[in-house]
Amino acid sequence: MASKKLRRAGVSPQVCELLKRHRVESCQDLLSLSPLEVMRLAGLSHQRALSLLRSVSTHCAPPVATLLELWKPTSESFFSTSLPALDRLLRGGLPRGTITEVAGPSGCGKTQMCVMLSVLATLPSSLGGLDAAVVYIDTEAAFSAQRLVGMAQARFPHHFSSRERLLQMAGRVHVFRELTCQDILNSLPGNLATRSNLLSHQASVLKYLAHRFNIPVVLTNQITTHLGNTGSEAPGQADSGFVTAALGNTWSHTVNTRLIVQYGDGRQRQIVIAKSPVAPYAVLNYTIQQEGIRLHEGGNQEPMGETGDPVLQPIRVRTEFNYSLSRPAETDGYR
Amino acid sequence: MKPLSAAPLSPSVKVKLLRAGFDWEEELRGLEPLELSREGGLSLEEALEVQQILTRGVEQPGGGGLTALELLQQEERSIVTFCSQLDALLGGGVPLGRTSEVCGTPGVGKTQLCLQLCVDVQIPECFGGLGGHAVFVDTEGSLVVQRVVDLAQAAVHHCSLQDHDPEQQEAMKTFTMETILEHLHLMRCHDYVELLAQVHLLPDFLVRHSKVRLLVIDSLAFPFRRHFEDLSVRTRLLNGLAQQLLQIASQHSVAVVWTNQMTTQLVPVLGETPGHRAARGLLVPALGETWGHWATQRLLLHWEGPHRLASVFKSPNNMESSVSYSITQQGFRDASSSLSESKQPSSSLSESKQPSSSLSESKQPSSSLSESKQPSSSLSESKRPRMQEGQ
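All of these numbers come straight from a predicted model, not from anything done at the bench.

Topic: the sheet that holds strand 3 (residues 99-104) of chain B
Working step 1: Spatially, the ten strands line up as an open sheet ordered 1(A)-5(B)-4(B)-6(B)-7(B)-3(B)-10(B)-11(B)-12(B)-13(B), and their pairing is mixed. Lying at the two open borders of the sheet, with one neighbouring strand each, are strand 1 (64-66) of chain A together with strand 13 (331-334) of chain B. Within the sheet, the average angular offset between the axes of one strand and its neighbour, ignoring direction, is 25°.
Working step 2: Of the strand pairs in this sheet, strand 3 of chain B and strand 7 (residues 255-260) of chain B are connected by five bridges, and their pairing is parallel. Pairing of valine 102 of chain B across the sheet is with threonine 259 of chain B, part of strand 7 of chain B.
Working step 3: On the sheet, helix 11 (residues 192-208) of chain B packs against strand 1 of chain A together with strand 4 (133-138), strand 5 (184-188) and strand 6 (212-218) of chain B and is oriented at approximately 155° with respect to strand 5 of chain B.

Section: the interface of chain B and chain A
Working step 1: The interface is formed by 67 residues belonging to chain B together with 63 residues belonging to chain A.
Working step 2: Together, the buried faces of chain B and chain A total about 5,700 Å²; carbon and sulfur atoms form 60% of this surface.
Working step 3: For the pair chain B and chain A, the number of links is four salt bridges.
Working step 4: The salt bridge partner of arginine 91 of chain A is aspartate 150 of chain B, with a shortest N-O separation of 2.2 Å.

Description of the confidence of the model for chain B
Residue and element names in this part refer to chain B.
Working step 1: Across chain B, the average pLDDT comes to 78, with 80% of residues at or above 70.
Working step 2: Below pLDDT 50 for its whole length, residues 338-391 participates in 89 contacts with residues either more than four positions away or in separate chains.
Working step 3: Across the interfaces of the predicted complex, the ipTM metric reaches 0.74, alongside a pTM of 0.77.

Concerning the layout of surface pockets
Working step 1: Roughly 970 Å³ of volume is contained in the second largest pocket.
Working step 2: Gly97, His211 and Arg212 of chain A together with Arg188 and His190 of chain B are, among the 38 residues lining the second largest pocket, the residues nearest its centre.
Working step 3: Going through the elements one at a time, helix 12 (192-213) of chain A together with helix 8 (145-160), strand 5 and helix 11 of chain B are the ones with two or more residues in the lining of the second largest pocket.
Working step 4: If you tally residues by element for the lining of the second largest pocket, the top one is helix 12 of chain A, at seven residues.

Structural notes on the nonpolar core
Working step 1: Judged by nonpolar contacts, the single largest core of 57 residues is most densely connected at Leu6 and Leu30 of chain A together with Leu195, Leu215, Phe224 and Leu245 of chain B.
Working step 2: Counting residues per element, this core draws most heavily on helix 11 of chain B, at ten residues.
Working step 3: Leu96, Cys114, Val149 and Ala310 of chain B belong to the second-largest nonpolar core, a separate cluster that totals 53 residues.

Here's the deal with the sheet that holds strand 12 (residues 282-289) of chain A
Strand pairs in the sheet, formed through backbone hydrogen bonds, run parallel or antiparallel to each other.
All names here are of chain A.
Working step 1: Pairing is mixed in the open sheet, where six strands are placed in the order 7-4-10-11-12-13. Strands at the two margins of the open sheet, each flanked by one partner only, are strand 7 (217-221) and strand 13 (292-296). On average, each strand axis in the sheet is inclined to that of its neighbour by 30°, with strand direction left out of account.
Working step 2: Pairing geometry for strand 4 (residues 99-103) and strand 7, over five bridges, is parallel. Paired with threonine 100 across the two strands is valine 218, which belongs to strand 7.
Working step 3: Across the sheet, helix 8 (residues 110-122) is in contact with strand 4, strand 7, strand 10 (257-263), strand 11 (269-275), strand 12 and strand 13; its angle to strand 7 comes to roughly 165°.
Working step 4: Packing of helix 9 (residues 145-155) onto the sheet brings it into contact with strand 12 and strand 13, and relative to strand 13 it is tilted by some 45°.

Structural notes on unusual backbone geometry
Of all residues except glycine, most have a negative phi; of all peptide bonds, most are trans.
Working step 1: The step from aspartate 218 of chain B to serine 219 of chain B runs through a cis peptide bond, and the omega angle for that step is -10°.
Working step 2: Positive phi is not limited to glycine here, since arginine 91 of chain A has a value of about 65°.
Working step 3: Within the secondary structure layout, arginine 91 of chain A lies in the loop between helix 7 (84-89) and strand 3 (94-95).
Working step 4: Judged by relative accessible area, arginine 91 of chain A falls into the partly exposed class, the value being 23%.
Working step 5: Despite not being glycine, aspartate 131 of chain A has its phi angle at roughly 50°, a positive value.
Working step 6: Looking at the element boundaries, aspartate 131 of chain A is found in the loop between helix 8 and strand 5 (134-138).

Re the pattern of salt bridges
Working step 1: Inspection of every chain in the model, using the stated rule, returns twelve salt bridges over all chains.
Working step 2: Among the ionic pairs, arginine 294 of chain A bridges to glutamate 291 of chain A, the shortest N-O distance being 3.1 Å.
Working step 3: Taken together, the salt bridges that share partners define one network made up of Arg91 of chain A together with Arg147 and Asp150 of chain B.

A look at the packing of aromatic side chains
Working step 1: For the structure on display, the rule yields four aromatic pairs over all chains.
Working step 2: When the ring of tyrosine 136 of chain A is compared with that of phenylalanine 143 of chain A, the centres are 4.5 Å apart and the planes differ by 55°; the resulting orientation is tilted.
Working step 3: The exposure class of tyrosine 136 of chain A is buried, given its relative accessible area of 9%.
Working step 4: Phenylalanine 143 of chain A sits in the buried class, given a relative accessible area of 10%.
Working step 5: Ring geometry for tyrosine 325 of chain B versus phenylalanine 332 of chain B: centroids 4.6 Å apart, planes at 20°, classification stacked. In terms of burial, tyrosine 325 of chain B and phenylalanine 332 of chain B fall into one category: buried.
Working step 6: Over the face of the ring belonging to phenylalanine 222 of chain B we find lysine 207 of chain A, whose NZ or CZ atom lies 4.5 Å from the ring centre.
Working step 7: When the ring centre of phenylalanine 213 of chain A is taken as reference, the NZ or CZ atom of arginine 212 of chain A above it lies at 5.3 Å.

A look at helix 1 (residues 13-21) of chain A
Residue and element names in this part refer to chain A.
Working step 1: Those residues of helix 1 that fall on the buried side of the exposure criterion are Val15, Cys16 and Leu19. Around the axis of helix 1, the buried residues are gathered within 100° of arc, so they sit on the same side. Of the residues in helix 1, the exposed ones pointing more than 90 degrees away from the buried face are Gln14 and Arg21.

Digging into a positive patch on the surface
Residues and elements named next belong to chain A.
Working step 1: Together, Lys5, Arg7, Arg8 and Lys20 make up a region of like positive charge exposed at the surface.
Working step 2: By the secondary structure assignment, arginine 7 is in the segment before helix 1.
Working step 3: Residue classification places arginine 7 among the exposed positions, given a relative accessible area of 51%.

Calculation notes
- Residues numbered from 1 in each chain as written.
- Chains lettered and ligands numbered in written order.
- Predicted model: local features only at pLDDT ≥ 70, side-chain atom pairs only at ≥ 80, totals over all residues.
- Heavy atoms only, no water.
- Pairing = 2+ DSSP bridges.
- Helix = DSSP H or I, 4+ residues; strand = E, 2+ residues; numbered from the N terminus.
- Axes fitted to C-alpha atoms, helices over the stretch in contact; angles between N-to-C directions.
- Contact = heavy atoms within 4.5 Å.
- Buried area = accessible area lost by both parts, 1.4 Å probe.
- Salt bridge = Lys/Arg side-chain N within 4 Å of Asp/Glu carboxyl O.
- pLDDT = per-residue confidence, 0-100.
- 1 Å grid on protein atoms, 1.4 Å probe; cavity = no way out; pocket = protein on both sides within 12 Å on 5 of 7 lines; lining within 4 Å.
- Points joined across faces, edges and corners; volume = space filled by probe spheres on them.
- Core = buried A, V, L, I, M, F, W, Y, C linked by side-chain atoms within 4.5 Å.
- Buried < 20%, exposed > 50% of the residue type's maximum accessible area, 1.4 Å probe, protein only.
- Phe/Tyr/Trp six-rings, centres within 6.5 Å; stacked < 30°, edge-to-face > 60°.
- Lys NZ or Arg CZ within 6 Å of the ring centre and 35° of its normal.
- Arc of directions from axis to C-beta.
- Patch = residues over 30% accessible without salt bridge, like charges linked within 9 Å, V, L, I, M, F, W, Y side chains within 5 Å.
- Areas by Shrake-Rupley, 256 points an atom, 1.4 Å probe, with all protein chains shown as cover.
- Lys, Arg positive; Asp, Glu negative; His and termini not counted.
- Charge placed at Lys NZ, Arg CZ, Asp CG, Glu CD.

Laid out in C-alpha cells, this is it:
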C-alpha cells in the first residue's frame, strides 16, 4: 500500500514528473513531506498542495468502520482452545486476527500447545474448529507428525475413527522447517537495536496477515534471566534475578495476548494469562496427557488476583527453588 | 500591506509576479484576471487561482484571538475516566481541545483506559457527560470488540441506575450498547504511511462527523519503532504528525489521546569498579526526549508491586502525583479498597479509612476528599517517569 506509485494514486502526470525529479515517486515518499515541501517540490500553491496530500491520503488510508459493523459472533472472532476454563476467561478462545504468545521454560508444553491447536484448527466448525489449514513454522525441529496424529486420535476418538480423516487432517498441517531462522537471530552482530528492528518488522507483517485474513497467530517464546528488581517481591528478595519471557520489553508491547506456561507443584503445570485485552490475570492448572493439554478444574484458579507487572512476570522453572536460577530446567517428558 | 512573497502561492507564480514588478498583495486586488495574466505573464488559469487565493485571504479575520474567559468556558469540558481518583488528579478528566499521552509497560492497561474513554465520551449530557462520538485509530490490533461490549454494557447499566427525571429516561432510550458501538469509529492502520494518510484525512472526517469529541491513537509508537534507519526522518515525521494532532484538537475541540510504549535506556552506573563498565537499564517512554514536549499532559501507568498506579508527570494545571486504579470486568475503575472511601460522606470517612492498610503507600491519613490533589511526599519517588529495570 505504502509503496504505491503516485501515478496510480490519481496524481496528474505533470506533478508526477516534477516530484520524480526530487526522487518522490511513491505515496510513502509524498506523505513523508510537509505541505511546505510539497509546495516547493511540486510548484503548487498552498491550497493545492494540501488537496494533493489529501487526495493521495484517500488512496492510502484504510477504511473506517464503526464497531457495530465489526461486531461479529464469538465464533468468528475467537478460536476456541477446547479448554473450557481458558475459553471462558478469554471470552471464547484466542482472538483471531491478533498475535498470541505462549512463553515458558523448556519441556513445559509450548510445543504440545501448538500441536494441539493445529489439530483443533483443522476440525470442522461443528466441533469448534476453524475447518482450515495450518501453517506450522518449526524453528527448533520439535514438531512430530506422530505426536500430531496421536494427539488427534486421543482427543477426538470419534471424529478421527477412520484413517482417512486422520490423514486428511495431517495433510492440512503445512510444516515449514526454518532451522536457519534461529541461526540468523543468534548470529546477529550483538546489536540489540538491529534485533528489535527485525522483530518489530516481522511482528507488523504477522499482524497484517492476521488482521487481513482473520486468522489466529500463535507463536512461542523462550525464557531468559532477568536481573534486578522484580517489582513484586519483598525487598529482601529484590535484585536476586528471576526468569521471565525473552526478547525484551519492546516485543512484549507487540504481542496482543501473552500466555505463560510454567511448572507448578509436582506434576502440575500452570497456564498464566499474563496479558490480554479481554481477560484478567489468571492462573489455571493443567497436565500434559496423551490427548494434549488437560485443564484441572478447581484447584487454585485465581481469576482476579494480580501479582504485578506481567512483563516482569517471574516464571517458575522445574527446580526445588522457585524464582531461583541456580539450576537449569531439566528436560524430560514431552517438549 | 502584505508582501507578496509571504502569500501562499506556488513558487513559480510568485517568481513571475515579482519579476513583473508586483511587491504587495494590495497591488493585485483591483486587477481583473485577464489583466493580471497579461501584466504578470501568467496563464489565465494561474491568474484565476491567484485571485481566488487572495480574496479568500481577505475573508479570514487575521488571527482569531480568544479571551481567557472564552477559553475558561471551553476548558471546563472533559471526559471522565470512571476512576474518581484519576479524574481528580486530571482536574475532572481528559480535557477537550488538548492532547494527552498515556505511557506504560505492556499489559498495564493503556488500551483499557482508551476504550473506557471511548465509551465514557458518549454518556448523554443530562448525565453530566458529553454525548459525543469517538474515533479509535488502532495500530496494534489490540481492540477486541467483545471487550468494548463489556465496557458499554457496564456504562449503560451505571447510567440506568441514576435515571430519575424524564429527560434522563428519554436519553437512556438512545444510550444503549448498540449505539455506543455505532458511534465508535475504528481505523486500523498497519504502518506509519497509513497512519499519516489517515491523519491528513481526519480534519475532513471530523467536519462530516461533527459530534466526535475524542480521538484515540493506540499506539502512536508502534508504527514508528521500525523501518527507520535515519532517526532524523522519524523525528521530522513525528513532529509533523504532532502538529496536525494539536491542530485537530484545538480546531474541532476534540480530546486527542495517544498511547506510547516504554523502551529501555541504558545509563552508566557510577561508582563501579574501574575497568568494568556497568550499565543499568531504565524504562523510559519511547520516541525520544523531544517527543515528550508535544503532549499537553502525560500520564504514566505502571506497576507498584501488585498495584496499578497512574502518575501524571507532565501537566500545565495539575499537580504531579500518583493514584492507584484497577481494571475490572466492567472496565477502568478505582482501586477496589479506595472506591468505597471516595464515595462516602466525609463524616464516616475517618472510620473507613483506618482499617485499609493495603493501600497505605498511596494514602495519606488526611481527612478531606480532595487528598489526591495534595502533593504527597511519600510518592515523590514514584513520580518520575522512570522505573528501574534490569541490566
